[in-house]
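What follows is each chain in one-letter form.
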Amino acid sequence: MNAQHQPRRIVIVVPPNAQSLDVSGPFDAFLEANRQSPGEAALYDVRLLSTTPERVVKAGGMSLVTDGSIFDPDFSADTLLVAGTPDYAQAYSSDQLHAWLRQRVPQTRRHGSVCTGAFFLAAAGLLDDLNATTHWQHATELAERFPAIKVVPDQIFVEDGALYTSAGVTAGIDLALKLIEDDHGRELALMVARRLVVFLKRPGGQSQFSAHLAAQVATEGRIQAVQHWALDHLSLDLSLTVLAERAAMSVRNFTRVFQGETGTTPADFVELARVDAARRLLEDTDTPLQRVASRCGFSSPETMRRAFRKRLGTGPHEYRERFRR
């Protein structure tokens, strides 16, 4: 086989007690690219490596048999990905894996992580001064534990040079589709997405979570009621004073309880809710930007543009162009 037809080797490092979808999601996406490819030659050679000499790794309720381990001397990879695990605290003491990653990553064309796999790269010092993401529930810990990392908590995946990190669990499929598109074009990536019955670029695009999800977090009845009322009345005045009055609480107490329940401020919640609503209008309708801004409670298109830049890293017009169904 000519070198130009050699399949790209994708190596997925599987830590103990791995999140099964962190492994199987990207794995199946790359294998599906082989099946959907119009040529006879395989595009990808996907291998699993354990982080211990044992080749059997527990992943949820399953046992995965890997192709080898990081202790095997023979190794080559085009792309190296580290899967995540609910037991990601093991990353802090995985010294042998850290040393292996520091040695092997420079030998690959690109590398990255799925979900909490970012903690293993971080602990190895491979995310310092770079933009990276992880599961939204653990982004704050990643930032606090490794302050040199530029953590981006609200994106499905983040690309920074040769580094690719993805958000929680199923976002590993989004990342694999991105890599397939980079390697072989949008048409093949779209064929894979259709076969897997997923979005090539999921609605909402870059955001890991929404205001509706945040509203489900609150357990205090008054806070939850105010959240749902706000989501249904985004075009109204949703100032702190109005929301506190709605909850029959003082502004100070409302702010304290709201932040304790949701982990965010009332103002951040309202802005996120308005951005969410505006995204859906931009994705699904031809509604002019001025009207989108008004319907979602932004004082002007410029205010909406600033909120989009802050939350999504792009403006409303560019967002519509990219994510319109």
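Relevant structure appears above.
Residues numbered from 1 in each chain as written. Predicted model: local features only at pLDDT ≥ 70, side-chain atom pairs only at ≥ 80, totals over all residues. Heavy atoms only, no water.

For helix H11 (residues 266–284), which comprises 19 residues, the first-to-last C-alpha distance of 27 Å matches the rise-based estimate of 27 Å (1.5 Å per residue) to within 8%. Counting buried positions over the 19 residues of H11 gives 14, a clear majority of the element. (Helix = DSSP H or I, 4+ residues; strand = E, 2+ residues; numbered from the N terminus. Expected span 1.5 Å × (residues − 1). Buried < 20%, exposed > 50% of the residue type's maximum accessible area, 1.4 Å probe, protein only.)

Direction vectors running N to C along helix H8 (residues 221–232) and helix H10 (residues 251–262) enclose 85°, while the axes themselves pass 10 Å from each other. It follows from the interaxial angle that H8 and H10 lie roughly perpendicular. Contact residues: Ile223, Val226 and Gln227 in H8; Phe254, Val257, Phe258, Glu261 and Thr262 in H10. Its residues placed into classes, the contact of H8 with H10 shows five nonpolar, two polar and one charged. (Axes fitted to C-alpha atoms, helices over the stretch in contact; angles between N-to-C directions. Parallel < 35°, antiparallel > 145°, perpendicular 65-115°, else oblique. Contact = heavy atoms within 4.5 Å. Nonpolar A, V, L, I, M, F, W, Y, C, P; charged D, E, K, R; others polar.)

Here we take up the packing of aromatic side chains. Counted under the stated rule, the structure contains seven aromatic pairs. Centroid distance Tyr92 to Phe146: 6.2 Å. Interplanar angle 45°. Geometry classified as tilted. Residue Tyr92 is found in the loop between strand S6 (79–82) and helix H2 (95–104), and its partner Phe146 is found in the loop between helix H4 (139–145) and strand S9 (150–151); the two are separated by 54 residues along the sequence. You can call Tyr92 partly exposed: its relative accessible area is 23%. Centre to centre, the rings of Phe258 and Phe269 are 5.8 Å apart; their planes meet at 65°, and the pair counts as edge-to-face. Here Phe269 lies in helix H11 and Phe258 lies in helix H10, a separation of 11 residues in the sequence. Phe269 shares its class with Phe258; the two are buried. Three or more aromatic residues joined by ring pairs make a cluster, and in this case those are Tyr88, Tyr92, Phe119 and Phe146. Of note, Arg145 hangs over the ring of Tyr92, and the distance from its end group to the ring centre comes to 3.6 Å. (Phe/Tyr/Trp six-rings, centres within 6.5 Å; stacked < 30°, edge-to-face > 60°. Lys NZ or Arg CZ within 6 Å of the ring centre and 35° of its normal.)

It is worth spelling out the packing of H11 against helix H13 (residues 301–312) at this point. Axis separation between H11 and H13 bottoms out at 10 Å; the angle between their running directions is 100°. When the axis of H11 is compared with that of H13, the two are roughly perpendicular. Contact residues: Asp268, Glu271, Leu272, Val275, Ala278, Arg279 and Leu282 in H11; Met304, Ala307, Phe308, Lys310, Arg311 and Leu312 in H13. Partitioning the contact of H11 with H13 into residue classes produces eight nonpolar, no polar and five charged.

Attention now moves to the nonpolar core. In terms of nonpolar packing, the biggest core is built from 34 residues, with Leu243, Phe254, Phe269, Phe298 and Phe308 touching the most fellow members. Of all the secondary structure elements, the ones that give two or more residues to this core are helix H7 (211–217), H8, helix H9 (240–246), H10, H11, helix H12 (289–295) and H13. With nine residues, the top contributor of residues to this core is H11. With residues near it in sequence (within four places) discarded, Phe254 still touches Ile223, Val226, Leu240, Leu243, Ala244, Ala247, Met249 and Pro266. Ranked by size, the runner-up nonpolar core spans 29 residues in total, among them Val14, Leu48, Ala83 and Leu177. (Core = buried A, V, L, I, M, F, W, Y, C linked by side-chain atoms within 4.5 Å.)

Attention now goes to the pattern of salt bridges. If you walk through the whole model with that rule in mind, you get 20 salt bridges. Where Asp183 meets Arg110, a salt bridge forms, and the shortest distance between an N and an O atom there is 2.6 Å. In this pair, Asp183 is assigned in helix H5 (residues 171–184) and Arg110 in strand S7 (residues 110–113), connecting sequence segments 73 residues apart. (Salt bridge = Lys/Arg side-chain N within 4 Å of Asp/Glu carboxyl O.)

This next bit is on the pairing of strand S3 (residues 56–59). On S3, burial follows the alternation: Val57 and Ala59 on one face are buried, whereas Val56 and Lys58 on the facing-out side are not. Hairpin connection of S3 to strand S4 (residues 62–65): two residues between the antiparallel strands, including Gly60 at a positive phi of 65°. (Pairing = 2+ DSSP bridges.)

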